[in-house]
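# Fold and geometry: a report
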Amino acid sequence: WMRGTVTVDAPGARVPSPTTVTAAGRAQLADYLAEGQRALSRAQAESRALPGPGGTALVRVAVGLTTPYGQVATFVQPSLDLKVGDTVIFESDDRDFHNVVFKGAGPEPPGVRVYADPAGRGINVALDRRSADAVDPPPGGFDDRTFLSSGSLGIQMPRSTWRLTFDTPGTYTYACTIHVLAGMAGVIRVSAR
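Described below are features of the structure shown in this document.

It is worth spelling out the overall build of the chain at this point. When helices and strands are counted, the chain shows two helices and 14 strands. For a compact globule of 193 residues, the expected C-alpha radius of gyration is about 16 Å, and the chain comes in at 21 Å, more than 25% above that figure. Along the first, second and third principal axes, the C-alpha set of the chain runs to 75 × 45 × 25 Å. Expressed as a percentage of contacts within the chain between residues at least 6 apart in sequence, the contacts between residues at least 24 apart total 63%. Total accessible area computed for the chain in this model is approximately 11700 Å², and 56% of it derives from carbon and sulfur atoms. Between the averaged position of the 19 positive side-chain charges in the chain and that of its 18 negative side-chain charges there is a distance of 2 Å.

This is the structure in C-alpha cells:
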C-alpha cells in the first residue's frame, strides 16, 4: 500500500533546507532503484522451468516484482520459446496489481483510464473493464489470434496466478495493459514438437 508520514514541527523549530531534503530524496531514490535492479537480477537468475507431464514443460513467469519500497513493472522471463503442449503459469505477487492480456488479432484494449473527478477534487484512475475481466481460453482451444486476459491479478483481486497451455504453434504477444507504457510486455514463440 502507498503510505507516508506527516511530521508537524513546533513553531520556530529548525528544519532541513529544501536543498538538503532534495539531496536526501535523490539518494533514497537511487537506493530504491538499485534495490529493484538487484531483485530483478535475483529473479532472472532463478530456474523458472519445471518438467511437465508427457515430456512437456511448465514455465513460471513472474508478473512484476515487489521490493519493500517499490514495484518493478516487468515480466520475469518476458520472452519464451516453447513447444506445443508446454504450459506457462503467470504468477503475481499479492502486493502487485497487474494483468496479462494477449490481444490476439484485435487492438489492445485500454488499460488504465485517467479522468477528471466530476466534483473537481482532482483525478480518478480506473482500469478498463476489458483489461480487468478475465477472458480464459474457449473450450476449443486458442491460437495467437485469440484475445485472452488473465483479468486483474494480485492484491484483493480474483486470482494471483493464471495458467495457459499452448497447443497451437505461433507467436503470442502479451502485455500488462496497466503498465504497458513502462514497457511491461512479452512474447511467447510456440513451435511444433
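From this point, the discussion proceeds with the structure in view.
Strands sit in the order β4-β14-β13-β7-β10 across an open sheet of five strands; the sheet is mixed. Unpaired on one side and paired on the other, β4 (79–83) and β10 (148–149) mark the two borders of the sheet. Relative to β10, strand β7 (residues 101–102) runs antiparallel, the two being bridged by two bridges. Bridging across to β10, F102 finds its partner in L148.

Looking now at the pairing of strand β12 (residues 161–165). Here β12 shows one buried face, formed by W162 and L164, and one open face, formed by T161, R163 and T165. Strand direction decides the pairing type here: strand β5 (residues 87–92) and β12, joined by five bridges, are antiparallel. Bridging from a neighbouring strand, V88 pairs with L164 of β12.

Among the nonpolar cores identified, the biggest contains 23 residues, and F90, V100, F102, F166 and I188 are the most heavily contacted of them. Taken together, the elements giving at least two residues each to this core come down to β2 (57–67), β4, β5, β12, β13 (170–175) and β14 (185–191). When residues of this core are assigned to their parent elements, the largest contribution, three residues, is made by β2.

Moving on, we get to a nonpolar patch on the surface. Taken together, V112, V114, I123 and V125 make up a surface patch of nonpolar side chains, about 370 Å² in accessible area. Counting only elements with at least two residues in the nonpolar patch, the list comes to β8 (112–116) and β9 (123–127). By the secondary structure assignment, V114 is in strand β8. You can call V114 exposed: its relative accessible area is 51%.

The subject of this paragraph is helix α1 (residues 18–45). An α-helix turns once per 3.6 residues; consequently, residues spaced three or four apart project the same way. The terminal C-alpha atoms of α1 lie 41 Å apart, and with 28 residues this matches the ideal 40 Å at 1.5 Å per residue to within 8%. Every buried residue belonging to α1 is among E35, G36, A39, L40 and A43, and all of these are buried. For α1, the elements touching its buried residues are β2 and β3 (70–76).

What the rule picks out here adds up to 11 aromatic pairs. Here Y32 and Y69 contribute two aromatic rings whose centre-to-centre distance is 4.4 Å and whose plane-to-plane angle is 10 degrees, an arrangement assigned as stacked. Of this pair, Y32 sits in helix α1 while Y69 sits in the loop between β2 and β3; the two residues are 37 residues apart in sequence, bridging distant segments of the chain. Residue classification places Y69 among the exposed residues on the basis of a relative accessible area of 52%.

Counting through the fold element by element, R193 comes out in the segment after β14. The exposed category is assigned to R193, whose relative accessible area is 55%. For the pair R193 and F97, spaced 96 residues apart in sequence, the C-alpha separation works out to 35 Å. Excluding residues that lie within four positions of it along the chain, R193 makes contacts with G55, T56, A57, K83, V84, G85 and D86. Within polar-contact distance, the side chain of R193 engages the backbone oxygen of V84 at 2.9 Å. At 2.4 Å, the side chain of R193 forms a polar contact with the side chain of D86.

Cut-off values and rules
Residues numbered from 1 in each chain as written. Predicted model: local features only at pLDDT ≥ 70, side-chain atom pairs only at ≥ 80, totals over all residues. Heavy atoms only, no water. Helix = DSSP H or I, 4+ residues; strand = E, 2+ residues; numbered from the N terminus. Rg over C-alpha atoms; globule rule 2.2 N^0.38 Å. Contact = heavy atoms within 4.5 Å. Areas by Shrake-Rupley, 256 points an atom, 1.4 Å probe, with all protein chains shown as cover. Lys, Arg positive; Asp, Glu negative; His and termini not counted. Charge placed at Lys NZ, Arg CZ, Asp CG, Glu CD. Pairing = 2+ DSSP bridges. Buried < 20%, exposed > 50% of the residue type's maximum accessible area, 1.4 Å probe, protein only. Core = buried A, V, L, I, M, F, W, Y, C linked by side-chain atoms within 4.5 Å. Patch = residues over 30% accessible without salt bridge, like charges linked within 9 Å, V, L, I, M, F, W, Y side chains within 5 Å. Salt bridge = Lys/Arg side-chain N within 4 Å of Asp/Glu carboxyl O. Expected span 1.5 Å × (residues − 1). Phe/Tyr/Trp six-rings, centres within 6.5 Å; stacked < 30°, edge-to-face > 60°. Polar contact = N/O pair within 3.5 Å; in protein donor to acceptor, adjacent residues only side chain to side chain.

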